[in-house]
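Residue-level structural notes
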Amino acid sequence: MLDSVHVSLSDGFRIEGWTVVPKAHEMVRHGETAHVEPKPMEVLVYLAERAGQTVRRDELMDTLWSGVVVTDHALNRCISSLRRLFADDPRAPRVIETIPKAGYRLIAPVEILSGDSAAASPVAFDLSPTVSPVALSVAPPRRIGWPALAALGGVLIVAVAGLILATRLPPETVTRSLTVALGVESEADWNPAGTQIVYVHHEGTAHHTRLLVRDLASDAPLVLTEGHMDLSPAWSPDGTRIAFLRCSETACRVVAVPVLGGEPRQLLDMPVASRGLDWTTDGTALLVSPKGSSGLASVDLRTGHSTLLTSPPDGTHDSRPRLSPDGRTVAFLRQADGQAILATVPASGGDVTPVIQGLADIPGVAWSRDGRRLLFSSNRSGVYALWSADARGRQPAERLTGPAVRDPGGVALAGDRLVVEDWLYEINLWRSTEGTEAERVVASTLWDMHPALSPDGSRLAFVSNRTGPPELWTADASGQNPLRLTSFGGPSVEAPHWSPDGREIAFVARPGRTASVFVLSAAGGTPRQVTDDAGDDLYPRWSLDGRSLLFTSTRDGGPAAIWRIPASGGAPRLERALAARVAEEIAPGVLALTRTGRDGLWVSSADSLRYLSALPAATDAASWLRTERGLIVPDRKAGRLVLIDPVSGTSTPLAMPTERLSADIPAVAASREGASVVISRTDRVEADLMLATPVE
């Protein structure tokens with residue numbers, strides 16, 4: 001037992017044979033991983049830090065739900081959840097004892113992890129599962145414009161001798177700046193010798209990128225290309241040239257340029273998607289995503305012959321291929337509707353092996369030198385951090401420590417040198433009322449997004465990470481009097497939507513492996529989970545009468561179809577077997593909807609599907625809504641929001657501009673009559689390149 005001194009166990013401890021990893025919201029035992037919701041984990045840590053002592057219920061409520069109005073049911077639910085995880089009988093407890101009319105006492109022995117443990121207290125670069133996080137903040141969605149810009153973020157370059165080669169890594173590093181240019185740098189790749197890097201540079205509002213090569217012994221980079229949209233550079237195995245994607249608005253071509261500069265030359269005749277590329281180890285083929293295919297292919301540079309490696313399900317796509325050092329296995333990302341799976345497949349094609357599933361985002365992945373582990377960045381614990389995983393998917397992922405990284409993104413390894421992107425975003429909410437000039441109403445140096453206006457336009461709901469992981473907030477329509485309504489403390493809360501009477505807010509949260517729909521009183525209280533954990537339930541929209549909720553879900557194992565569930569809870573039923581992104585009722589039994597990966601709006605009744613409009617673009621498929629005046633959608637080419645008639649499809653320009661409108665998230669809100677409009681705008685994206693080397 002612990003003594004009366006309240007030691008911090010936030011980095012991990014053992015209890016009942018389980019290794020508890022609070023920051024990953026996981027418990028690990030004999031290869032088994034149990035995922036713990038954020039609030040029950042907070043309760044467990046609080047009790048474990050006071051093991052053997054009676055902790056009063058009001059102390060738990062006041063401490064862990066500070067500033068949030070909840071009932072006793074919230075604490076009861078957490079205790080019940082923990083008892084289920086430990087198979088702990090409250091009548092004969094082994095772990096948590098109920099003290100009648102007082103509170104709870106943790107009675108199981110608690111082992112503080114020592115430096116000699118397999119899961120020790122954190123030291124720099126420790127790969128054990130109880131290490132401290134690298135990231136200190138929560139990242140917003142990575143995609144901030146045209147899809148080809150999906151990878152554009154800042155880059156932090158970290159050189160760490162022996163990284164991923166053992167479970168203990170150099171404890172100290174020295175960090176220095178490599179670049180301080182305005183804009184963002186991303187998609188870095190090392191040359192085979194590990195002495196140079198190539199990377200993408202994007203300057204603010206410019207509609208093109210350029211490729212630069214930087215020798216670590218030099219103070220200035222060499223400009224390889226500029227004046228085009230050039231992405232995803234990959235150094236050839238012989239070190240003589242760099243392949244990359246030169247993209248237009250419709251497709252990309254694979255091009256190569258000599259490392260010392262020169263005229264780029266097209267390598268493949270086929271168009272490809274802007275989803276990354278890699279070389280085979282002998283330099284005779286490239287791994288790409290062919291245009292029109294959602295899978296990955298290996299294309300022979302001598303013959304042009306293409307071998308399909310993956311065939312993902314409808315509604316998903318594979319991206320960012322990375323070949324293992326021995327050339328036998330390809331790691332890649334499988335993505336759909338904001339969810340990602342890290343997986344592998346044989347380099348010749350075959351069965352796909354999931355490594356990590358159910359992730360909100362994985363900006364990038366790299367192989368260890370020995371090919372046994374994969375390094376990736378992810379927000380799987382609510383903040384973006386660096387993780388290491390067994391490439392065979394047989395062990396839980398482990399969080400890495402290292403030099404401070406604000407917001408790690410894509411990664412690349414060459415020998416003992418690690419490249420990791422580090423993003424800096426500022427996302428704010430802007431409002432226009434009755435056609436007035438837009439004004440900023442909710443702002444911070446972090447991320448305020450996913451706006452939703454109450455039907456009367458007086459209240460604003462939004463998602464913000466200003467106190468840590470994303471939570472649901474409300475404020476006056478002017479942005480005054482902000483109030484946090486949720487305290488999930490873990491992976492993202494998203495997509496709020498007000499009930500027709502303005503009394504409740506539906507939203508999505510990910511307390512476990514899947515996304516579920518919750519409903520919460522607009523005045524606060526305990527969120528009520530409406531849908532179960534059968535699949536990812538996304539983008540809830542209230543029915544016209546407020547009695548039910550429409551949402552899209554993968555619960556039937558296929559693409560995200562449209563489902564309906566009573567707002568009070570119950571059994572969901574399939575409403576439309578359509579691969580939809582967002583659906584909203586515009587008349588009894590009639591839905592307007594956007595479709596996954598496609599531009600445009602459709603109208604669906606029980607027996608028909610009618611194409612309505614070419615707007616919105618696929619990147620804005622979640623940024624539209626119904627008002628009494630019509631459907632409000634973004635028109636990025638015109639630079640304005642527009643009002644679309646749901647019968648004729650005709651559009652009328654609105655005053656609100658779409659400059660810097662956040663993409664691939666719900667970024668547009670309006671009052672019921674459409675007089676007041678709020679958008680989520682990405683006002684700033686910055687990054688630097690830095691180099692960290694181990695202390696000799």
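Look a little higher up for the structure.
Residues numbered from 1 in each chain as written. Predicted model: local features only at pLDDT ≥ 70, side-chain atom pairs only at ≥ 80, totals over all residues. Heavy atoms only, no water.

Some thoughts on the sheet that holds strand S48 (residues 601–605)
The condition that has to hold: Two strands are counted as paired when DSSP detects at least two bridges linking them. Counting from the N terminus, the helices are the DSSP runs of H or I reaching at least four residues and the strands are the DSSP runs of E reaching at least two. As a rule, the C-alpha atoms of each element are fitted with a line to give its axis, helices using only the stretch in contact, and angles between N-to-C directions run from 0 to 180 degrees.
One open sheet accounts for 4 strands, arranged S46-S47-S48-S49; its pairing is antiparallel. Edge strands, defined here as strands with exactly one partner in the open sheet, are strand S46 (580–587) and strand S49 (608–613). Going from strand to strand, the sheet's axes swing by 30° on average, the running direction of each strand aside. Relative to S49, S48 runs antiparallel, the two sharing 5 bridges. Looking at S49, one finds that Trp602 is bridged to Tyr611.

A closer look at the pairing of strand S6 (residues 96–99)
One ladder, built from 4 bridges, connects S6 with strand S7 (residues 103–106); its direction is antiparallel. Paired with Thr98 across the strands is Tyr104, a residue of S7. As consecutive antiparallel partners, S6 and S7 are separated by 3 residues, and within that stretch Lys101 has a phi angle of approximately 60°, a positive value.

Topic: the environment of Glu659
Operational definition: Buried, partly exposed and exposed residues are distinguished by accessible area as a fraction of the type maximum, computed with a 1.4 Å probe on protein chains only: under 20%, between the cut-offs, and over 50%, respectively.
By the secondary structure assignment, Glu659 is in the loop between strand S53 (651–657) and strand S54 (668–670). On the basis of relative accessibility, which here comes to 48%, the residue Glu659 falls in the partly exposed class. Separated by 22 residues in sequence, Glu659 and Arg681 have C-alpha atoms that sit 7.6 Å apart.

Description of the sheet that holds S6
Heads up, the condition is: Whether two residues touch is decided by their heavy atoms; if any such pair falls within 4.5 Å, the residues are in contact.
Read across the sheet, 3 strands follow the order S5-S7-S6 without closing on themselves; strand pairing throughout is antiparallel. The sheet is open, and its two borders are formed by strand S5 (55–56) and S6, each paired with just one other strand. Across the face of the sheet, helix H1 (residues 38–48) comes into contact with S5, S6 and S7 while running at roughly 70° to S7.

Digging into the packing of aromatic side chains
Quick reminder of the rule: Ring pairs are drawn from Phe, Tyr and Trp, using the six-membered ring of Trp, whenever the two centres fall within 6.5 Å, and their geometry is named by plane angle: stacked under 30 degrees, edge-to-face over 60, tilted for the rest. To sit over a ring, a charge needs its Lys NZ or Arg CZ within 6 Å of the ring centre and within 35 degrees of the ring normal.
This structure, assessed with the given rule, holds 4 aromatic pairs. Ring centres of Phe488 and Phe518 lie 5.2 Å apart, and the angle between their planes is 75°; this geometry places the pair in the edge-to-face category. Taken as a pair, Phe488 in the loop between strand S37 (483–484) and strand S38 (493–498) and Phe518 in strand S40 (residues 516–521) lie far apart in primary sequence, 30 residues in all. Taking the relative accessible area as the measure of exposure, Phe488 reaches 13% and is therefore buried. Classification of Phe518 by relative accessible area gives buried; the value is 4%. Ring centres 5.4 Å apart and planes at 70° place the aromatic pair Trp602 and Tyr611 in the edge-to-face group. Grouped by ring-pair contacts, the aromatic residues Phe488, Phe507 and Phe518 constitute a single cluster. A cation sits over an aromatic face here: Arg541 above Trp624, 5.4 Å from the ring centre.

Keep in mind that these numbers describe shape and distance, not what the molecule does.
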